[in-house]
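For reference, the chains in residue letters:
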Amino acid sequence: MNDAVPLPIDTFLPYMRDVVRCEQSLRELNLMWRMIEASAKMNCPAEAKSILPTMAATRAGFNRLEQELVSSLVREKVGNVLDAIGTKAHYVIDIVVRNLYERTADVGFLATDRELCAFVAGMQDDADAIRLRLRAYRSKYTVYDEIILLDTRGNVLVQIDESTPLEGSTDPLIAATLAAEGYVETFRATDLRPSKQQALVYSRRMLHPDTGVPVGVLCLCFHFEEEMAGIFRAHRDAEERSNMLLLDGDNRVVASADERWIPVGATVPVNRGNDPRLLVYGGREYLVSTFPATGYQGYMGPPGWQGQVMIPVEVAFHGAASSALATVDSQVADGLLSHARSFCPPLFEIMSAADTIRRVVWNGQVMTAGQRGELLKLKTILDQISETGMRSNELFSQSIRDLYETVLASSLRESEFVSHLLVDLLDRNLYERSDDCRWWALTPELRQALAAGEMDIETRAGLDEILGFINRLYTVYTRIFVHDDQGCIVASTNPGVGAASVIGSRIDAGTLAAVRALRGEQDYHVSPFSPTPLYDGRPTYVYYAAIRDPGTQAAVVGGIGIVFDAEPELSAMLRGALNDREGMTAYFVDRAGTVIASTDPGRPAGSRLDIDPAFLALPNGGSASRIVVHDGHYAIVGCTVSHGYREFKNADGYREDVIAVVFERFGEERGRGAAVRREEMLLEESGSGGGIEYASFFIDGMLFAVPAASVTEAVPASAISPVSIGGRPERIGVLSLQRNGDSPAFIWVFDLRHLMRGSPAAIDSGSQVILLRHGGQDIGVLVDELHGVPGFLPEQIVPTPFAAHPEGLLVKQVIQASQGRILIQALDVAQLYACLRDPALPTVLNLTEADRHIDDRSGVTPLEKAA
């Protein structure tokens, strides 16, 4: 989506029911926070003084969210739709251009066929034999529905489609072709195809074999309707909410996935800039994405052709409900969510707002813990804050989940679609290779030379000239060679020099046996994708077809081999499909996970890709996508197994499954072991007002607590200022605090995870600093996330077996919450201060010490017994 263009929020908002509900809820909560703030100012201004600034900041945050969050949500949704339809529009034109590029080479080669040229020049008159030859060509290149030979006056000499017999043509393309040095591309109505409204014809003049004078025209008629129907069928969305189109340079429809919806010939509005705006066609508003051709091998396709996808705005945002999160491991989902700022800014905004609300409520509960008298008024206000905070959290949790689902589902669909396109491009490309080798094996000069046996220098030079001419037209091959019936290479393009020359070398015995065993001219053999001297020791496919004796039509006298230039061709497919997307890599792999090609420099061809075996076992044509951890990053992977194209890999006996794999990275894997999620840690109240209140928080997914009386407040970890002064590694910075108009005071902040586990915590947007006071001294401790300020009865708090340890430990008590289902480790604040003063004191029991306390009879530790 073009972010430089202003987004008309009010235009799109009515079509997004979930965003409308979010906006309404935000307004209601904003009003509630205003009422609570006003009530606190009127009823207990002195007691509420310390939390009023935070409440004011929260209210201001809601004001900002009302304006910015809704705008961001709308932008994200519009951007997702435009990106999705833009990808498909780009692929429509890309697939068409790649296909038609092959047609330009076909007509160039076939127009030089000596037998055909001799017939058109009147040097021989066996029309049936020529028709048979053209049908043999059509049986290999099945993308054509008609092939016609005409003389210079437009008289039809031979055609293969006898259902629409032609005598001649007056089409101007004949004169244009006779005057042109190269091919002529024509797309319009023509009397050459009277049964069609429009036809795509590739024509080239044919020259006299002896004089070189133009004697006629060859016309290859591309089966355009069938080809476009196949493209639309393979790549249109399953719900058919959008329409895929191919347009000409005047924005007229030349092919439509649904002609009843948008007919061929209609002129439609276009959006080449991918701007977030609505366009009107037929009285209906659409989101539209248009892509012109980017070209392939220098060929740009018919002038001005474009791919376009249009989706009505009223259905653009109403896709089927996603369940992407249902199949994701909770640790992976939480880790991926921690990168929300990079892959989905609106999601990060919601999460930041939720953290602010939690901190307001947590700080207020800490402030009133154990208080009586006038502070009970504040307790009432805080109850209102807590209730409103819960409602806010519910809204945030749902908004986070909905948007998270939207982003993930969009990425999952995109990765799967790209992988599907990749195998489609590959199968289409390799289909052409199978056609080429079989047709070139029928070249009369090759057949005659090999059938004659021994070759003189002149004959070899003639073969080299033919192969060189072919290779100049078909640039996807690095080498085209001919071998005799013993497998000895007798002619080749790019043969090499000296000892490196392939002339005189032999193909391997297995390949020779396979070529000899080919039963007819429709059969071919492909080498496995592996390193070969024919490709300078690099891996590729080599396509073979048998060359047969022109006399017997059956005896194999040799073969032709064409060496696919795999490295640049496969790389171009992968990179073209990714379209310069950041954070994405793509691979072609085989069923064993061996890399055939990749955009990842660290995994070249021949290496192994670590991927779930379930992907490698998908059926042909099957696709799948999921969220994984790949190379230390959270990623979405999509893959599709090749399924062939036309008869290639479907009805020709060839089977070589290739799997396209696409990874989209979202951020490095987090070290936090979020073993238990917040919603699974809701504590039941003690049922008595006389309990001891503890401030609880998370470290590495585990719940810890300190007496609420030792806590002053919590602040976001973003407020920490790092320092370069040396000292113990757990000291990570300072906080500047200013209370009641006093001068700023600086306090040290310590990484509690580092103190307890020996490795530093990863600070992210949700990290918090809890301020502790003991013995008149303030410090800050870094934690992963705040939890609550619950109260517990004395009998719920039990000492650990290590409480009387002579050296002392930070955790000396365990709180049995929610009827013992949840254990909370209670930190000893005095011992924490003592450990910070004396680094020699241990902060957590080491493994050897813990092992000494294992009960030999039960095999469990005393701490587990206490639980």
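## Considerations on the packing of helix H13 (residues 444-451) against helix H14 (residues 457-473)
At their nearest, the axes of H13 and H14 sit 10 Å apart, and the two run at 150° to each other. By the angle between their axes, H13 is roughly antiparallel relative to H14. Crossing of H13 over H14 shows left-handed handedness. Every residue of H14 that contacts H13 at Glu445, Leu446 and Ala449 is listed here: Thr459, Leu463 and Ile466. For the contact of H13 with H14, the residue count by class is four nonpolar, one polar and one charged.

## A word on the pairing of strand E1 (residues 144-151)
Where burial is concerned, most of E1 is hidden: eight out of the eight residues are buried. As paired elements, E1 and strand E5 (residues 214-222) share seven bridges and run antiparallel to each other. Within E5, the residue paired with Leu150 across the bridge is Val217. The pairing of E1 with strand E2 (residues 156-159) spans three bridges and is antiparallel. Residue pairing in the sheet places Leu150 in a bridge with Val156 of E2.

## Overview of the nonpolar core
Grouped together as the largest cluster of nonpolar side chains are 133 residues, with contacts concentrated most on Leu287, Trp440 and Phe588. Tallying contributions element by element places helix H3 (residues 52-110) first for this core, with 21 residues. Once residues lying within four places of it in the same chain are set aside, the contact partners of Leu287 are Phe12, Val78, Val81, Leu82, Ile85, Arg277, Leu278, Val309, Met310, Ile311, Ala316 and Phe317. In this structure, Trp362, Ala714, Val783 and Val789 belong to the second largest nonpolar core, which totals 30 residues.

## Considerations on the side chain of Ser607
As for its position among the elements, Ser607 is in the loop between strand E19 (595-598) and helix H17 (613-616). Engagement of the side chain of Ser607 in a polar contact is seen with the backbone oxygen of Pro604, the distance being 2.6 Å. Not counting chain neighbours up to four residues away, the residues in contact with Ser607 comprise Gly593, Thr594 and Val595.

## A word on H14
Helix length check: H14 (17 residues) gives 25 Å between terminal C-alpha atoms against 24 Å at 1.5 Å per residue, within 8%. By the burial criterion, the buried members of H14 are Leu463, Leu467, Gly468, Ile470 and Asn471. The buried residues of H14 occupy one face: seen down the axis, they fall within an arc of 160°. Across from the buried face of H14, at angles greater than 90 degrees, the exposed residues are Glu458, Glu465 and Arg472.

## Regarding the sheet that holds strand E25 (residues 711-716)
The strand order E25-E28-E29-E27-E26 describes an open sheet built from five strands, whose pairing is mixed. The open sheet is flanked by E25 and strand E26 (731-737), the only strands paired with a single partner. In this sheet, adjacent strand axes meet at a mean angle of 30° when their direction is disregarded. In terms of strand pairing, strand E28 (residues 768-774) meets strand E29 (residues 777-783) through seven bridges, oriented antiparallel. Each bridged residue has a counterpart across the sheet, and for Val769 the counterpart in E29 is Leu782.

Each value, and the rule that gives it
- Residues numbered from 1 in each chain as written.
- Predicted model: local features only at pLDDT ≥ 70, side-chain atom pairs only at ≥ 80, totals over all residues.
- Heavy atoms only, no water.
- Axes fitted to C-alpha atoms, helices over the stretch in contact; angles between N-to-C directions.
- Helix = DSSP H or I, 4+ residues; strand = E, 2+ residues; numbered from the N terminus.
- Parallel < 35°, antiparallel > 145°, perpendicular 65-115°, else oblique.
- Left-handed = near helix turned anticlockwise from the far one by under 90°.
- Contact = heavy atoms within 4.5 Å.
- Nonpolar A, V, L, I, M, F, W, Y, C, P; charged D, E, K, R; others polar.
- Buried < 20%, exposed > 50% of the residue type's maximum accessible area, 1.4 Å probe, protein only.
- Pairing = 2+ DSSP bridges.
- Core = buried A, V, L, I, M, F, W, Y, C linked by side-chain atoms within 4.5 Å.
- Polar contact = N/O pair within 3.5 Å; in protein donor to acceptor, adjacent residues only side chain to side chain.
- Expected span 1.5 Å × (residues − 1).
- Arc of directions from axis to C-beta.

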